[in-house]
Amino acid sequence: MSEVDVLIVGAGPAGLMLALWMARLGVKTRIVDKRTDKIFSGQADGFQVRTLEILDSFGIGERVWKEANHLLEVSFWNPDENGQIRRDGRAPDTIPNISRFTESVMHQGRMEAFFLDAIKASTSPKHPPIQVERCIMPTSLDIREDLVDDENAYPVEVTLRYLSEDEATPTSRLSNLQDGLFRSNLTASDTESIIEKTNGSCKEEKVKARYVVGCDGAHSWVRKSLGPEFAMVGESTDAIWGVLDIIPITDFPDIRNRCVVHSAESGTVMVIPRENRLVRLYIQLKEVSTEGGRFDRSQITPELIFESAQKILRPYSLRYHYIDWWTAYQIGQRSGNHFSKLDRVFLAGDAVHTHSPKAGQGMNVSMQDTYNLGWKLGLVCKGILRPEVLSTYELERKQIAKDLIAFDQKFSKMFSGRPAKDILDETGVSMNELQNAFKLSHLFTSAVGISYQPSVLTHEQQINGHTGHNDVLSPETVNRCRVGMRFASYKAVNQSDARPWEMQHQMPSDGRFRVVVFGGDISDPAQLSKVNALGDWVSKKLLPRYPRIPLSPASSPHTGLLRFTTEQDPSVIDVLLVHAAKREDIEPLRDLHEAYHPFDEKLGWDYGKVFVDGESYHEGHGRAYEGYGIDKKEGAVVIVRPDGYIGLKTRVDEADWAQIDRWFEGVVKPRAPE
């Protein structure tokens, strides 16, 4: 029998994202996976812009961005009056200016390697090592309901079974080619057969955990063990799609652009150009259908999938020499009604919602699930966060899953449908409608338009007579400071050394909350006085009430590993000042309260907390106030959660400090007496 704070089942993208949070926060964690190794070919490959921002907050984003292929344009091909495919239109793949990133594609296994590197780099005396334990699977899960209200108890007991390499290796249909069918929804889970086959013949271990998280995919054993009320519900279509990763030899002119190609009679292809000259083809298989029931899986071969692609792309030629991976899947959308049980066992990613992969959402939404859950779970384990906050995971992510299912149902029907022959063709799909749906979906699919509903973590506060919550969301407004949405990134100039910084780089995923003071034009003595009064209140009344948190060596990825330690751990609340005065008019040590340049006995003053919305020498003017929608005269105070989402927006005035006080009081536990 052993004890662990968090047990993660499944070491795919969702599980590794959660393990990285636990490593950064120093939480005793185990992560197990029934397979022998990480992904080496195929599976997910798309990275939406919000996902890249999240990865960048851990120091992974720059590595993905460097190696990935950047998708900049999408082309739409449709049949003409003679039934021959032609290019009908082009559009930007990502809306310009909604992020410093664009949608990108790279092999999932490479990103998993980056996760493992980041987890390893987080180890310190206060941050125990976390390693993926492979060839291990759970066989039983029990919850002591009489213990769930005791936040220090270990109420979840899990039996883990150790497998041999042969038992943990899935049977691939072809010995000489990576085959992804064993992960597809066309194939039944092999978990039960492994359990039955190894019963009584393998080493087992009992683990008591404070929390368990199922990140074990669409066939989730954890979900099934929680009972029938956790079953996913939804619908499946008869449509079967194949997927090929190849290096194509073709005269099709848009093979290095993302494309949607609708043929007159042979189906649809989506083209995704990848890194290393690879191209992924999603191919509608009209020759294979479930026809409302099961089908013969042996019909599906790489040759059949490729022949279907050739038919759709005619009269253009298509052949290949290299094939890297292939799979097939049935279009379906399913979601669970419950994302957690008693806030002790949680489900994330494909374990609780599944859909078609063509919108590039599966891996992204899965990682965003555990990014949302990770800091909450970690800070509860550290005794910093109130346990009640854990209930916001289901509140926030279940709605996203519902929206995703609704979007995917509409989008998939448009992809799989026959092109309309004319405006009177009611059974066909309008290609203009498909293009418009693609363009309008950007804010959702990129995830920058996600808005979490009001809760203890997202308080609406009126500014100048309105909350902004009902403002129309558009590419022009999506980056403004809005409660419940992610804190966007604009460049601001460091007051002390003139270096321009992306503001998201000042908010790494280290478990801390940020109080961002937009001080306005502090060359005005009255405004400076308000900002300094706020700093005095924060340093004397707010920060002393709340805990400190040890930082891992990798917690500041944009300035390198932490080499020198402070006299004492920093507060869980980090304070930043962004002002709009001229840089040359302000001397931080002379003009600003010490809250904005805290002093440490070992390291001196911190010069990395004050920024100016002004012109830089080499990178222009970031216009942060304009982008965030903040008045330079009034300023604002914005509380940013550890996951980069805005929890509260209020004024700098003393009358509004109580809003800040109440927000932290409802979320963070008070500091224990020394």
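The rules behind these values
Residues numbered from 1 in each chain as written. Predicted model: local features only at pLDDT ≥ 70, side-chain atom pairs only at ≥ 80, totals over all residues. Heavy atoms only, no water. Helix = DSSP H or I, 4+ residues; strand = E, 2+ residues; numbered from the N terminus. Polar contact = N/O pair within 3.5 Å; in protein donor to acceptor, adjacent residues only side chain to side chain. Phe/Tyr/Trp six-rings, centres within 6.5 Å; stacked < 30°, edge-to-face > 60°. Buried < 20%, exposed > 50% of the residue type's maximum accessible area, 1.4 Å probe, protein only. Lys NZ or Arg CZ within 6 Å of the ring centre and 35° of its normal. Pairing = 2+ DSSP bridges. Axes fitted to C-alpha atoms, helices over the stretch in contact; angles between N-to-C directions. Parallel < 35°, antiparallel > 145°, perpendicular 65-115°, else oblique. Left-handed = near helix turned anticlockwise from the far one by under 90°. Contact = heavy atoms within 4.5 Å.

Moving on, we get to the side chain of D656. Within the element layout of this structure, D656 appears in the loop between β30 (646–650) and α16 (657–667). There is a polar contact of 3.2 Å between the side chain of D656 and the side chain of R651.

In this section: the packing of aromatic side chains. According to the stated counting rule, one finds 23 aromatic pairs in the structure shown. Between F346 and Y393, the aromatic rings sit 5.9 Å apart at their centres with planes inclined by 75°, giving edge-to-face as the arrangement. A residue pair is termed long-range when its members are at least 10 positions apart, and F346 in strand β18 (residues 345–347) and Y393 in helix α10 (residues 392–416) qualify at 47 residues. Given a relative accessible area of 0%, Y393 falls into the buried group. By way of ring pairs, the aromatic residues W375, F513, Y546, W663 and F664 are connected into one cluster. For K203, the ring lying beneath its charged end belongs to Y162, and the centroid distance is 4.6 Å. The cationic tip of R344 hangs over the ring face of Y211; the distance from NZ or CZ to the ring centre is 4.8 Å.

Let's shift gears to the sheet that holds strand β4 (residues 69–70). Spatially, β3-β7-β4 is the arrangement adopted by the three strands of the open sheet, whose pairing is antiparallel. Strand pairing shows two members of the sheet lacking a second neighbour, β3 (46–47) and β4, which therefore form its edges. As defined by bridge partners, β3 adjoins strand β7 (residues 104–105) across two bridges and the pair is classed as antiparallel. The partner of G46 across the bridge, within β7, is V105.

Taken N-terminus to C-terminus, the directions of helix α1 (residues 13–25) and helix α9 (residues 362–381) make an angle of 25°; their axes are 8 Å apart at the nearest point. Between α1 and α9, the angle falls in the class roughly parallel. Between α1 and α9 the crossing geometry is right-handed. Of the residues in α9, those in contact with P13, A14, M17, L18, W21, M22 and L25 of α1 are M363, S366, M367, T370, Y371, G374, W375, L377, G378 and L379.

With that settled, consider the pairing of strand β23 (residues 573–579). Within β23, seven of the seven residues are buried, which leaves it mostly tucked inside the rest of the structure. Across seven bridges, strand β22 (residues 513–520) lies against β23 in parallel orientation. Bridging from a neighbouring strand, F518 pairs with V578 of β23. Note: β23 against strand β26 (residues 610–612), three bridges, orientation parallel. Counterpart to H579 in the pairing with β26 is V612.

Worth remembering: the numbers are spatial, not functional.
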